[in-house]
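Next come the chains, spelled out residue by residue.
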Amino acid sequence: MPELPEVETTVRGLAAVLQDVRLTSVVARRADLRRAFPVDLGQRMTGARIVSLGRRAKYGLLGTDRGDSMIFHLGMSGRWRIDPEDIGTHDHLVMHTDSGHVLSLFDPRRFGSVDLVETAAIASFPSFAAMGPEPLGDDFTPAYLRERLKSRASPIKAMLLDQRIVAGLGNIYVCEALNMARISPLRAAEQIGPAKLKPLVTAIKSVLVDAIAAGGSTLRDYARPDGQLGYFAKQWRVYGREGEACPCGGTVKRTVQSGRSTFWCPSCQK
Ligand SMILES: [Zn+2]
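A quick note: this is a predicted structure, and the numbers were derived from the prediction, not measured. (Residues numbered from 1 in each chain as written. Predicted model: local features only at pLDDT ≥ 70, side-chain atom pairs only at ≥ 80, totals over all residues. Heavy atoms only, no water.)

J.: Can you help me understand the coordination of the zinc ion in this one?
T.: Looking at the zinc ion, one finds its protein donor set to be Cys246 (SG), Cys248 (SG), Cys265 (SG) and Cys268 (SG), positioned 2.3 to 2.4 Å from the metal centre. Geometry at the zinc ion is tetrahedral, judged from its 4 donor atoms and the angles of 105 to 113 degrees they form at the metal. For the zinc ion, the single-chain donor residues occur in sequence as C-x1-C-x16-C-x2-C. Note that Cys246 is positioned in the loop between strand 9 (227-228) and strand 10 (253-257) and Cys268 in the segment after strand 11 (260-264), a separation of 22 residues in sequence. Like Cys246, the residue Cys268 is buried in the burial classification. (Donors = N, O, S within 2.8 Å, 3.2 Å for Na, K, Ca; no water. Tetrahedral: all angles 85-135°; square planar, octahedral: opposite > 155°, others 65-115°. Helix = DSSP H or I, 4+ residues; strand = E, 2+ residues; numbered from the N terminus. Buried < 20%, exposed > 50% of the residue type's maximum accessible area, 1.4 Å probe, protein only.)

J.: How should I be thinking about the packing of aromatic side chains in this particular structure?
T.: How two aromatic rings sit relative to each other is given by the distance of their centres and the angle of their planes. Taken as a whole and assessed by the stated rule, the structure comprises 7 aromatic pairs. Put simply, the rings of Tyr59, Phe125 and Phe128 pair up and form one aromatic cluster. (Phe/Tyr/Trp six-rings, centres within 6.5 Å; stacked < 30°, edge-to-face > 60°.)

J.: Just to check I follow, could you spell out a nonpolar patch on the surface for this structure?
T.: Together, Met1, Met76 and Phe111 make up a nonpolar patch on the protein surface, roughly 290 Å² of accessible area in all. Tracing the sequence through the fold places Phe111 in the loop between strand 7 (102-106) and strand 8 (113-118). Accessibility expressed as a relative area gives 37% for Phe111, which makes it partly exposed. (Patch = residues over 30% accessible without salt bridge, like charges linked within 9 Å, V, L, I, M, F, W, Y side chains within 5 Å. Areas by Shrake-Rupley, 256 points an atom, 1.4 Å probe, with all protein chains shown as cover. Salt bridge = Lys/Arg side-chain N within 4 Å of Asp/Glu carboxyl O.)

J.: Is there a simple way to think about the pattern of salt bridges in this case?
T.: Opposite charge on two side chains permits pairing when their charged atoms draw close. Here the structure, examined in full by the defined rule, presents 14 salt bridges. Two residues, Asp162 and Arg164, come together in a salt bridge whose shortest N-O distance is 3.0 Å. One salt bridge connects Arg254 with Glu242, and the closest N-O pair in it is separated by 3.6 Å. Pair noted here: Arg254 is in strand 10 and Glu242 is in the loop between strand 9 and strand 10, with a separation of 12 residues, a long-range link. By relative accessible area, Arg254 is classed as partly exposed at 38%.

J.: Would you explain helix 1 (residues 4-18) in this entry?
T.: Side chains of residues three or four places apart in an α-helix project in the same direction, reflecting 3.6 residues per turn. Taking 1.5 Å as the rise per residue, helix 1 with 15 residues should run 21 Å; its terminal C-alpha atoms sit 20 Å apart, in good agreement. By the criterion of burial, helix 1 is predominantly enclosed, with 12 of the 15 residues buried. Regarding helix 1, the residues found buried are Leu4, Pro5, Glu6, Val7, Glu8, Thr9, Thr10, Val11, Gly13, Leu14, Val17 and Leu18. One or two residues past the end of helix 1 sits Asp20, with phi positive at roughly 65 degrees. (Expected span 1.5 Å × (residues − 1).)

J.: How do you make sense of the nonpolar core when you look at a structure like this?
T.: The tendency in soluble globular proteins is for nonpolar side chains to be buried as a group. In terms of nonpolar packing, the biggest core is built from 30 residues, with Leu145, Leu149, Ile156, Leu160, Leu200 and Ile204 touching the most fellow members. Broken down by secondary-structure element, the contributors of at least two residues to this core are helix 4 (142-149), helix 5 (156-161), helix 6 (171-180) and helix 7 (194-216). In terms of residue count, helix 7 provides more of this core than any other element does, 9 residues in total. Not counting residues up to four positions away in its chain, the partners in contact with Leu145 are Phe140, Leu160, Ile165, Leu197, Leu200 and Val201. (Core = buried A, V, L, I, M, F, W, Y, C linked by side-chain atoms within 4.5 Å. Contact = heavy atoms within 4.5 Å.)

J.: For this particular structure, what's the right way to read the pairing of strand 5 (residues 79-82)?
T.: Looking down a regular strand, the side chains alternate between one sheet face and the other. Burial along strand 5 is two-sided: the face carrying Arg79 and Arg81 and the face carrying Trp80 and Ile82 are both buried. In the sheet, strand 5 pairs with strand 7 via 4 bridges, with the strands oriented antiparallel. Looking across to strand 7, one finds that Arg81 is bridged to Ser104. (Pairing = 2+ DSSP bridges.)

J.: I'm lost on the pairing of strand 7 in this one. Help?
T.: Counting buried residues along strand 7, 5 of its 5 residues qualify, which places the element largely inside the surrounding structure. Side chains of strand 7 alternate between two faces, with Val102, Ser104 and Phe106 and Leu103 and Leu105 buried alike. In the sheet, strand 6 (residues 91-97) pairs with strand 7 via 5 bridges, with the strands oriented antiparallel. Paired with Val94 across the strands is Ser104, a residue of strand 7. Between strand 6 and strand 7, which pair antiparallel in sequence order, lie 4 residues; one of them, Gly100, sits at a positive phi of approximately 95 degrees.

J.: Explain the sheet that holds strand 4 (residues 68-73) here, please?
T.: Neighbouring strands of a sheet are bound in pairs by backbone hydrogen bonds; such pairs are parallel or else antiparallel. Strand order across the open sheet formed by 4 strands is 2-3-4-8, with antiparallel pairing between neighbours. Whereas interior strands pair on both sides, the edge strands pair on one side only; in this sheet they are strand 2 (50-56) and strand 8. The average angle at which neighbouring strand axes cross in this sheet is 20 degrees, direction not considered. In the sheet, strand 2 pairs with strand 3 (residues 59-64) via 6 bridges, with the strands oriented antiparallel. Each bridged residue has a counterpart across the sheet, and for Ser52 the counterpart in strand 3 is Gly63. Strands strand 2, strand 3 and strand 4 of the sheet are contacted by helix 1, whose axis makes an angle of about 175 degrees with strand 2. (Axes fitted to C-alpha atoms, helices over the stretch in contact; angles between N-to-C directions.)

Now the structure itself:
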């Protein structure tokens, strides 16, 4: 499942072929993914020039010279393909550029989404309206986290997965960051003092930056036939490693929290 670093890597790969390029055709090949494609998507995007590419949480943003922004989410299995050898049943949105590239949004399970909003109104897009700061942004600080976590008795892991507190963190990166910061995922958020919040914020930024760097190293492959953006293998500290050794020498344990697996090390995470 694509997480923030995969989306960031995808956007950087798309930027290499889409920045300042005009779209000569934009065609949805079915009516919907998780929800319907905008009915005017082709009309508003065809002929437009892409003037900005960005990311908010796990959403990719393509801004046009017409003041529109296309917002995509990769869902469970979505990916962009650049210059695919053929277009198949899972290529649901296909775009051609005036520079001769073909891009397809490939999503076998169709949990992804594509929306189109006015760029000036992007902050009020429903998924963004109540969203917390970007974890890699300057607003995400130990002081901010302290303010948001005070009087919150829920486990720290649940708080970090809450998109209203910090945007775009998923299960893998929360497990990894808590291990790096040596904080138990079960600990009540309000009990984590300033001495622990600073290493926690540092760890969250660090695991994301490392993963984006790992993804970036795969981008040189983008131009190969059937090049698929944004997916890469990564060696985790604890995620998916139940029974194996933590970097501290302890043993990684799996605990289920809110129906999801938490991987952590009781030896070093207190
Ligand atoms: Zn450990």
